[in-house]
Amino acid sequence: MRFAAALLFAAIAFGAETPAAEAERVAPYYPSPRAVVLEMLDAAELQPDELLVDLGSGDGRIVILAARDYGVRAVGYELEDSLVRSSRRQIDELGLGERAQIRQQDLFTAELGDADVVTLYLLPRAMKRLEPILQMTLKPGARVIAHDFAFPTWKPEKTIPVEDDQDLDGLPHTIYVYKR
């Protein structure tokens, strides 16, 4: 079963889709394992009151943990209705509304100028498209934390393998840390 899931994921990640599906899919909904999320947040070196932006926020776990455990302001961008509703409900239930929010908006139109940290889990074609946007809009010193897929031309400051078998899905994971 894991082998079949890995093959399907690889097919999506590396472009074995129809042209219509390819145009729409820049990030599969794949809930990052908790060990990966925690490593991403630690690698970001978050400081209280910084702004974290999560592009393709899925179920909101990065936004919620960043706001709750690190005291930062966190904004997620997600298009999928059910994920947006679920994330917003969790944020409300946890009383994080002043620190965390989910915007139902295309990640390529995200407001990034004030971001101190950007987190993402996007397919290679999205990384290629997003790279010049981040280059133009991020302020000096902003950190970008990418899960599993690197930018095509940027050189990461750090590459962190994540190997926590108790929490992972049986697949290898890598975190790429960039600074602007």
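Nothing here was measured: the structure is a model prediction, and the numbers come from that model. (Residues numbered from 1 in each chain as written. Predicted model: local features only at pLDDT ≥ 70, side-chain atom pairs only at ≥ 80, totals over all residues. Heavy atoms only, no water.)

## Structural notes on the overall build of the protein
Within the protein, the regular secondary structure consists of six helices and seven strands. For the protein, the sequential pattern of α-helices and β-strands runs α-α-α-β-α-β-α-β-β-α-β-β-β. Here the protein, with 180 residues, has 44% of them falling under the buried criterion. A sequence separation of at least 24 residues applies to 68% of the contacts in the protein between residues at least 6 apart. For the protein, the exposed surface amounts to about 9400 Å²; the carbon and sulfur share of it is 52%. (Helix = DSSP H or I, 4+ residues; strand = E, 2+ residues; numbered from the N terminus. Buried < 20%, exposed > 50% of the residue type's maximum accessible area, 1.4 Å probe, protein only. Contact = heavy atoms within 4.5 Å. Areas by Shrake-Rupley, 256 points an atom, 1.4 Å probe, with all protein chains shown as cover.)

## Comments concerning the confidence of the model for the protein
When pLDDT is averaged across the protein, the result is 87; 83% of the residues are at 70 or more. Contacts of residues 1–23 to residues separated by more than four positions or lying in other chains number 21 contacts, the stretch itself having pLDDT below 50. (pLDDT = per-residue confidence, 0-100.)

## Let's talk about the nonpolar core
Within the largest apolar cluster, 29 residues are counted, with the highest numbers of intra-cluster contacts made by Leu55, Val118, Leu120, Leu134 and Val144. Looking at this core, the elements that each hand over two or more residues are strand 1 (51–55), strand 2 (73–78), strand 4 (117–120), helix 6 (124–137), strand 5 (143–147) and strand 7 (173–179). Those residues within four positions of valine 118 in sequence are excluded, and the remaining contacts are Val53, Leu55, Leu112, Leu138, Arg143, Val144 and Ile145. Met40, Leu65, Ala66 and Val72 belong to the second-largest nonpolar core, a separate cluster that totals 28 residues. (Core = buried A, V, L, I, M, F, W, Y, C linked by side-chain atoms within 4.5 Å.)

## Observations concerning the layout of surface pockets
Roughly 590 Å³ of internal volume is contained in the largest pocket. Every element with two or more residues in the lining of the largest pocket is listed here: helix 2 (19–24), helix 4 (61–70) and strand 2. Here the residues of the lining of the largest pocket are counted per class, giving 16 nonpolar, six polar and nine charged. (1 Å grid on protein atoms, 1.4 Å probe; cavity = no way out; pocket = protein on both sides within 12 Å on 5 of 7 lines; lining within 4 Å. Points joined across faces, edges and corners; volume = space filled by probe spheres on them. Nonpolar A, V, L, I, M, F, W, Y, C, P; charged D, E, K, R; others polar.)

## Side note on the pattern of salt bridges
On inspection of all chains with the given rule, the structure shows seven salt bridges. For arginine 61, the salt bridge goes to aspartate 59, with nearest N and O atoms at 2.7 Å. On the basis of relative accessible area, aspartate 59 is assigned to the buried category, the value being 13%. Taking the shortest distance from any N to any O, the salt bridge between glutamate 111 and arginine 103 comes out at 3.5 Å. Looking at arginine 103, the relative accessible area reads 23%, which means it is partly exposed. (Salt bridge = Lys/Arg side-chain N within 4 Å of Asp/Glu carboxyl O.)

## Digging into the side chain of glutamate 78
Within the fold, glutamate 78 resides in strand 2. Relative accessible area serves as the criterion here: at 12%, glutamate 78 is assigned to the buried category. Within the local environment of glutamate 78, its side chain forms a polar contact with the backbone nitrogen of glutamate 80, the two atoms lying 3.1 Å apart. Once you skip the residues sitting within four places of it in the chain, glutamate 78 turns out to touch Gly56, Ser57, Gly58, Leu83, Val84, Ile102, Arg103, Gln104 and Gln105. (Polar contact = N/O pair within 3.5 Å; in protein donor to acceptor, adjacent residues only side chain to side chain.)

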